[in-house]
Amino acid sequence: MPVLSNTLPTTMTHAKRITIVAGEASGDIHAAHLIRQLLAVHPKLIIQGLGGQHMQAAGANVLFDLAAYGVTGLTEVLLQMRVINKAFRIIRASLIQTPPDLLILIDYPGFNLRLARFAKQRLHLKILYYISPQIWAWKANRLHTIKRYVDRMAVIFPFEKTLYEKAHVPVSFVGHPLVAQIKPLDALTIRRQFNLPSGHLVAFLPGSRLNEIKYHMPVFIKAMQTIYAHLPAVAFVIPIASTLPYEKIACYVKHLPMQVYLIKGHAQAIAACSNAVVVASGTASLECALLQKPMCIVYKASLLTYVAAMKLLRVKYIGLCNLLKNRMIVPELLQDDCNAHELSQVVIKLLTQTAYRNHLTQSLNKLSRELSLESADISLADLVCHMLYAKQVC
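Procedures and definitions
- Residues numbered from 1 in each chain as written.
- Predicted model: local features only at pLDDT ≥ 70, side-chain atom pairs only at ≥ 80, totals over all residues.
- Heavy atoms only, no water.
- Disulfide = S-S within 2.5 Å.
- Buried < 20%, exposed > 50% of the residue type's maximum accessible area, 1.4 Å probe, protein only.
- Axes fitted to C-alpha atoms, helices over the stretch in contact; angles between N-to-C directions.
- Helix = DSSP H or I, 4+ residues; strand = E, 2+ residues; numbered from the N terminus.
- Parallel < 35°, antiparallel > 145°, perpendicular 65-115°, else oblique.
- Left-handed = near helix turned anticlockwise from the far one by under 90°.
- Contact = heavy atoms within 4.5 Å.
- Pairing = 2+ DSSP bridges.
- Expected span 1.5 Å × (residues − 1).
- Core = buried A, V, L, I, M, F, W, Y, C linked by side-chain atoms within 4.5 Å.
- Salt bridge = Lys/Arg side-chain N within 4 Å of Asp/Glu carboxyl O.

Undergrad: Please clarify how the state of the cysteines should be interpreted in this entry.
TA: What we call a disulfide is simply a covalent bond connecting the sulfur atoms of a pair of cysteines. Applying the stated criterion across every chain, the model contains 0 disulfides. Lacking any disulfide linkage, Cys 288 is separated from the closest cysteine sulfur, that of Cys 321, by 9.3 Å. For Cys 288, a relative accessible area of 2% translates into the label buried.

Quick look at the structure:
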């Protein structure tokens, strides 16, 4: 993938302004990475927006910590509507008062497509949308909104570029951010760093949103107890997302008969040093796939959210690694199937059946190689610079 160049103008009549909107933990991290790249080359850039602690630490002025309230699902969004509306009013006022030279929207389509409509219709802003809504999975009508209000899509999967090109939407494939971020990690070193035991270790990643914790943790706890009854030498670890209070997870494990290690953050390292991983569907599941970990993808939501999703989904799988290959590479347990009995059986199989585990990791190894060999059209940071300082984007 091309790296950020310094061939574009660094002196302007006024400091360029960028507004970035990231409504979830993963978007906050991606935004922070982009901000650091941009400020390293163009330190006079003024960057602000909605995001979280990672954007703030990278040098952006965060107007509202929207990432801390990240939710999914119809029921959950309705419960947080007051917070979402407050964030929208704040960013709308900011765009009106100090219109940026470029508005960058990261994922979070329910919020960001609404904002794109306002920003283009009322303020005629230049808009870059990074990480496409999953229009290939559901809500295909969003493509029309994107075509009307977004100047350019920056997509992270090659097949998404083809989809947008067919719809005559300006698009650049910028590569998947996780491919570059996944580095070889030594399991023994990580375990020593976090005082984790040397035997079989299973990592449970319940998600970064409060509603995910609500539905996943009770299932995880019961599954741990069943696994422990069959394999008492197995240890368990939960990396807690930075967006979640420690106590939100700790309260579930206080009275368990076995040790459950809780680590604040460091999800990638914890997954890398584990023998098996249970992970909520989403970005983290692809991260675990790129680490080539024996894994199971789970997702459970409110009944209303699940029923609505099943009526709208146009794909057979929810795990990104399974979607990319259009076949079941790793097991998925959804809604009613996401229960302690089914989950414990899958984890026990991952730990005890060597042939099954090896076949799964070989499939993930192949997927990882395929993603890493894809060459991006341009890096995201270079694309941003071209849209800020140049008239055309290659």
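Undergrad: Sorry, what's going on with the packing of helix α10 (residues 210-230) against helix α11 (residues 246-253) here?
TA: The axes of two packed helices give the description: the angle between them and the distance between them. The interhelical angle for the contact between α10 and α11, taken along N-to-C directions, is 20°, at an axis separation of 10 Å. Considered as vectors, α10 and α11 are oriented roughly parallel to each other. Viewed along their axes, α10 and α11 form a crossing whose handedness is right-handed. Counting all contacts with α10, which are made through Leu 210, Ile 213, Lys 214, Met 217, Pro 218 and Ile 221, the residues of α11 involved are Lys 248, Ile 249, Tyr 252 and Val 253.

Undergrad: Honestly, the sheet that holds strand β6 (residues 152-155) in this entry has me stumped. Any pointers?
TA: The strands making up a sheet are joined through hydrogen bonds of the backbone, oriented either antiparallel or parallel. Spatially, the 7 strands line up as an open sheet ordered β3-β2-β1-β4-β5-β6-β7, and their pairing is parallel. Here the strands that pair on one side only, and so sit at the sheet edges, are β3 (61-64) and β7 (171-173). Geometrically, the sheet is characterised by an average inter-axis angle of 20° between neighbouring strands, direction not taken into account. Looking at chain direction, strand β2 (residues 46-50) and β3 are connected through 3 bridges and run parallel. From the neighbouring strand, Gly 49 faces β3, where its bridge partner is Val 62. The strands that helix α5 (residues 109-123) touches are β1 (17-22), β2, β4 (102-106) and β5 (127-130); relative to β5, the one it contacts most, it runs at about 170°.

Undergrad: Would you explain α5 in this entry?
TA: The periodicity of an α-helix, 3.6 residues per turn, causes residues three or four positions apart to be oriented the same way. Its 15 residues place the ends of α5 19 Å apart at the C-alpha level, agreeing with the 21 Å of an ideal helix rising 1.5 Å per residue. Of all the residues in α5, the buried ones are Pro 109, Phe 111, Asn 112, Leu 113, Leu 115, Ala 116, Phe 118, Ala 119 and Lys 120. Here the buried face of α5 lies against β1, β2, α4 (81-97), β4, β5 and α6 (142-149). The first or second residue beyond α5 is His 124, which carries a positive phi of 55°.

Undergrad: For this particular structure, what's the right way to read the sheet that holds strand β8 (residues 201-205)?
TA: Spatial ordering of the open sheet is given by β10-β9-β8-β11-β12-β13, a layout of 6 strands whose pairing is parallel. The strands lining the two open edges of the sheet, one partner per strand, are β10 (260-264) and β13 (332-334). Neighbour-to-neighbour, the strand axes of the sheet open up by a mean angle of 20°, direction not taken into account. Sheet analysis places strand β9 (residues 235-240) next to β10, joined by 5 bridges and oriented parallel. Note that in β10 the partner of Ile 240 across the bridge is Lys 264. Contacting β9 and β10, α11 runs over the sheet at an angle of about 180° to β10.

Undergrad: Explain the nonpolar core to me, please; I cannot follow it from the model alone.
TA: Most often, soluble globular proteins keep nonpolar side chains buried together rather than apart. Grouped together as the largest cluster of nonpolar side chains are 138 residues, with contacts concentrated most on Phe 111, Phe 204, Leu 343 and Val 384. When residues no more than four places from it in sequence are discounted, the contact partners of Leu 343 are Phe 204, Val 219, Phe 220, Ala 223, Val 278, Cys 296, Val 298 and Leu 333.

Undergrad: Where do I start with the environment of Pro 232 in this structure?
TA: Topologically, Pro 232 is positioned in the loop between α10 and β9. Taking C-alpha positions, Pro 232 is 8.6 Å from Met 258, a pair spaced 26 residues apart along the chain.

Undergrad: What is the right way to look at the pattern of salt bridges in this model?
TA: Applying the stated criterion to the full structure yields 6 salt bridges. In this structure, the salt-bridge partner of Glu 24 is Arg 209, at a minimum N-O distance of 2.5 Å. With Glu 24 in the loop between β1 and α1 (25-41) and Arg 209 in the loop between β8 and α10, this pair connects stretches of sequence that are 185 residues apart. Across this residue pair, the class does not change: Glu 24 and Arg 209 are buried. The closest approach of N and O atoms between Lys 254 and Glu 247, which form a salt bridge, is 3.2 Å. Residue classification places Lys 254 among the exposed residues on the basis of a relative accessible area of 53%. One salt-bridge network, held together by shared partners, links Glu 24, Arg 209 and Glu 212.

Undergrad: Honestly, unusual backbone geometry in this entry has me stumped. Any pointers?
TA: For residues other than glycine, phi is negative in most cases, and the peptide bonds are mostly trans. A positive phi angle, close to 55°, is found at Asp 107, a residue other than glycine. Tracing the chain through its elements places Asp 107 in the loop between β4 and α5. On the basis of relative accessibility, which here comes to 21%, the residue Asp 107 falls in the partly exposed class. Although it is not a glycine, His 168 sits at a positive phi angle of roughly 60°. Structurally, the position occupied by His 168 is in the loop between α7 (158-166) and β7.

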